[in-house]
Amino acid sequence: MKQLWKKAGQHPTAAFYALGAAGLILWMLASFCWDTVCYATGRIREQTITLDDTSLYALANMAWQGDTLTAETGDAQLILQPGQRIRTLRLVAQYQTPGTNEMDLYYHLPGGGYSAQLRVWPTLAADGASWEYRLPLITGQNIRLDLADQSGVTVRVEKLVCNERRAWYTYFVPSLWQLLWLAAVPGLAGCLLALLRDAAHTKFGPRKGNAA
């Protein structure tokens, strides 16, 4: 153990990377175990919502136009109220207005509100006709979809599929953000530790036992 601590002290950046990788693996394992238990006990369940289920959502800055929705401003929102916490969401929709939309999802922590820091970006599903969102372990029950970032956008929402079961191996595929954090944070921590150590060495000088 002493040799291990000594090597970690000699190579702090490598030690931080090892700790970061171990932490990421433990986090992915915890996510898999948590979801497995929640599905087995019914705490989360697969749920398909259409816009006919008017008690399960609310609209903001969007108006009905026949069987489609039209954005009245650049902040068109669909606030989903499914009555359970959401781990995954798949949006099946057809945009009938040319252009691109952010379609970002906002969540909140229990007892908190929405903020730009609590946001999830979609990935295009394999079918090419829907968008998938993965949410963190702890979220509030309601989530907010920003369906359009400009007025006049028309969209037909076919359905929203909540808590679709994921293949087990997908829990152990890190996201782009996780990889970015793993690449950046341990290196920065190692540099900071090296700077602090150099500053302490400059201020206090070498130990007496190491003096020439």
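Just above, that's the structure.
Conventions adopted
Residues numbered from 1 in each chain as written. Predicted model: local features only at pLDDT ≥ 70, side-chain atom pairs only at ≥ 80, totals over all residues. Heavy atoms only, no water. Helix = DSSP H or I, 4+ residues; strand = E, 2+ residues; numbered from the N terminus. Buried < 20%, exposed > 50% of the residue type's maximum accessible area, 1.4 Å probe, protein only. Contact = heavy atoms within 4.5 Å. Areas by Shrake-Rupley, 256 points an atom, 1.4 Å probe, with all protein chains shown as cover. Patch = residues over 30% accessible without salt bridge, like charges linked within 9 Å, V, L, I, M, F, W, Y side chains within 5 Å. Salt bridge = Lys/Arg side-chain N within 4 Å of Asp/Glu carboxyl O. 1 Å grid on protein atoms, 1.4 Å probe; cavity = no way out; pocket = protein on both sides within 12 Å on 5 of 7 lines; lining within 4 Å. Points joined across faces, edges and corners; volume = space filled by probe spheres on them. Nonpolar A, V, L, I, M, F, W, Y, C, P; charged D, E, K, R; others polar. Pairing = 2+ DSSP bridges. Phe/Tyr/Trp six-rings, centres within 6.5 Å; stacked < 30°, edge-to-face > 60°. Lys NZ or Arg CZ within 6 Å of the ring centre and 35° of its normal.

A. Spotlight on the overall build of the chain. On a plain count of helices and strands, the chain comes out with three helices and 12 strands. Counting over 212 residues, the chain shows a buried share of 32%. Taking all contacts inside the chain whose residues are at least 6 apart in sequence as the whole, residues at least 24 apart take part in 74%. Just so you have it, the chain exposes about 13100 Å², and 61% of that area is on carbon and sulfur atoms.

B. Region of interest: a nonpolar patch on the surface. Taken together, Leu26, Leu29, Trp168, Tyr169, Phe172 and Val173 make up a surface patch of nonpolar side chains, about 650 Å² in accessible area. Looking at the element boundaries, Leu26 is found in helix α2 (residues 12–41). Under the relative-accessibility criterion, Leu26 is labelled exposed at 56%.

C. Main features of the layout of surface pockets. Approximately 1300 Å³ is the volume found for the largest pocket. Arg134, Leu135, Pro136, Ser175 and Gln178 are, among the 38 residues lining the largest pocket, the residues nearest its centre. The set of elements that each furnish at least two residues to the lining of the largest pocket consists of α2, β6 (88–95), β8 (119–120), β10 (130–134) and α3 (176–204). Looking at the lining of the largest pocket element by element, the count peaks at six residues for α3. Across the lining of the largest pocket, the residue classes break down as 22 nonpolar, eight polar and eight charged.

D. Looking closely at the pairing of strand β12 (residues 154–162). Alignment of strand β1 (residues 47–49) against β12, held across three bridges, turns out to be antiparallel. Residue Ile49 lies in a different strand from β12, and its bridge partner there is Leu160. For strand β4 (residues 68–71) and β12, the ladder comprises two bridges, and the chain directions are antiparallel. Opposite Thr70, over in β12, you have Thr154 as the bridge partner. Where β6 lies against β12, seven bridges are found, and the strand directions are antiparallel. Residue pairing across strands places Val92 opposite Lys159, the latter belonging to β12.

E. Expanded view of the packing of aromatic side chains. Within the structure shown, the criterion is met by five aromatic pairs. Plain terms: the ring middles of Trp168 and Tyr169 are 6.1 Å apart, the flat faces sit at 90° to each other, and that makes the pair edge-to-face. One aromatic cluster in this structure is built from Phe32, Trp168, Tyr169, Tyr171 and Phe172. The ring of Tyr114 carries the charged tip of Arg144 above its face, separated from the ring centre by 5.6 Å.

F. Highlighting the pattern of salt bridges. Counted according to the given criterion, the structure contains six salt bridges. For Arg156, the salt bridge is made with Asp67, and the minimal N-O distance between the two is 2.4 Å. With Arg156 in strand β12 and Asp67 in the loop between β3 (62–65) and β4, the pair connects residues that are 89 residues apart, well separated along the chain. In this structure Asp67 comes out as partly exposed when scored by relative accessible area, which is 47%. Between Asp146 and Arg144 there is a salt bridge, with its nearest N and O atoms 3.0 Å apart. Here Asp146 falls in the buried class, since its relative accessible area comes to 9%. A single network of salt bridges, built from pairs that share partners, joins Arg90, Asp127 and Glu164.

Everything listed here is a matter of coordinates, which is why it stays silent on function.
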